[in-house]
Amino acid sequence: MKKFFSEFKEFISRGNVMDLAVGMIIGSAFTAIVTSVVNDLVMPLISLITGGLSFTKWNIALAAGEEAPVLALGSFVSAVLNFLIIAAVIFLVVKSINKMQKMVVKKEEEKPAAPTTKICPYCKSEINIEATKCPHCTSEV
């Protein structure tokens, strides 16, 4: 049992598990914001275009009566719009992160590499930068 808990502690302590947990929490909070945007901003505009028809009333009754089953087309369209908006925002975030990473890599590539060789002041041959004696002329460098 002790081994189980130590393995579980190691699993939880990994960075990718914590990143996933943070991502899930932020994702669920972000979903609430997108749902509000769709339901409170986008859907009223679409209802205005469709002549004031509320999306919640976009239903097809499958039978007669008060408790008749219905196809809730308005709810479905709302869910599709939620998905498309979330997907678009995630795409834009990932695209901007990739662009920033490319800029960082480009800056790292622009830095000149540290020299690995130097010229012996006596015989003018190329030697290792850390050499204290020239292997060609045996002079102290």
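Note that the structure is predicted; figures quoted are calculated from it, not measured.

It is worth spelling out the overall build of the chain at this point. For the chain, the helix and strand inventory stands at 3 helices and 4 strands. Counted from the first residue to the last, the chain has its helices and strands arranged as α-α-β-β-α-β-β. Taking 2.2 N^0.38 as the reference for a compact globule, 141 residues should give roughly 14 Å; the C-alpha atoms of the chain span a radius of gyration of 32 Å, well beyond that estimate. Seen along its three principal axes, the alpha-carbon backbone of the chain occupies a region of about 105 × 55 × 20 Å. Taking as baseline every contact in the chain between residues at least 6 positions apart, the subset at least 24 positions apart corresponds to 20%.

Let's shift gears to the side chain of Ser 139. Within the secondary structure, Ser 139 sits in the segment after strand 4 (126-128). Leaving out residues up to four positions away in the same chain, Ser 139 has contacts with Tyr 122, Thr 132, Lys 133 and Cys 134.

Quick look at the packing of aromatic side chains now. A full pass over the atoms with the stated rule returns 2 aromatic pairs. With a centroid separation of 5.5 Å and an interplanar angle of 70°, the aromatic rings of Phe 4 and Phe 5 are classed as edge-to-face. On the basis of an interplanar angle of 10° and a centroid distance of 6.4 Å, the ring pair of Phe 4 and Phe 8 is categorised as stacked. Linking Phe 4 with Phe 8, this pair stays in helix 1 (residues 2-13), spanning 4 residues, or about one helical turn. Judged by its relative accessible area of 44%, Phe 8 falls in the partly exposed class. Taken together, the ring pairs connect Phe 4, Phe 5 and Phe 8 into an aromatic cluster.

Right, let's talk about the environment of Ile 127 for a bit. Note that Ile 127 resides in strand 4. Residue class for Ile 127 comes out buried when judged on its relative accessible area of 3%. Separated by 11 residues in the primary sequence, Ile 127 and Thr 138 place their C-alpha atoms 11 Å from one another. Residues in contact with Ile 127, not counting those within four places in the same chain, are Thr 116, Thr 117, Lys 118, Cys 120, Cys 134, Pro 135, His 136 and Val 141.

Within the secondary structure, Ser 125 sits in the loop between strand 3 (117-119) and strand 4. In contact with Ser 125, not counting residues within four places along its chain, are Lys 118, Ile 119, Cys 120, Cys 134 and His 136.

Locating Met 43 in the fold gives a position in helix 2 (residues 15-49). Put simply, Met 43 and Leu 84 are 41 residues apart on the chain and 14 Å apart in space, counted from C-alpha to C-alpha.

Here we take up the state of the cysteines. This model, assessed by the stated rule, comprises 0 disulfides. Looking at the unpaired Cys 137, the closest cysteine sulfur is the one in Cys 134, lying at 3.7 Å.

Let us look at unusual backbone geometry. Positive phi, normally seen in glycine, also occurs at Lys 124, with a value near 65°. Within the fold, Lys 124 resides in the loop between strand 3 and strand 4. The exposure class assigned to Lys 124 is exposed, which follows from its relative accessible area of 59%.

Procedures and definitions
- Residues numbered from 1 in each chain as written.
- Predicted model: local features only at pLDDT ≥ 70, side-chain atom pairs only at ≥ 80, totals over all residues.
- Heavy atoms only, no water.
- Helix = DSSP H or I, 4+ residues; strand = E, 2+ residues; numbered from the N terminus.
- Rg over C-alpha atoms; globule rule 2.2 N^0.38 Å.
- Contact = heavy atoms within 4.5 Å.
- Phe/Tyr/Trp six-rings, centres within 6.5 Å; stacked < 30°, edge-to-face > 60°.
- Buried < 20%, exposed > 50% of the residue type's maximum accessible area, 1.4 Å probe, protein only.
- Disulfide = S-S within 2.5 Å.

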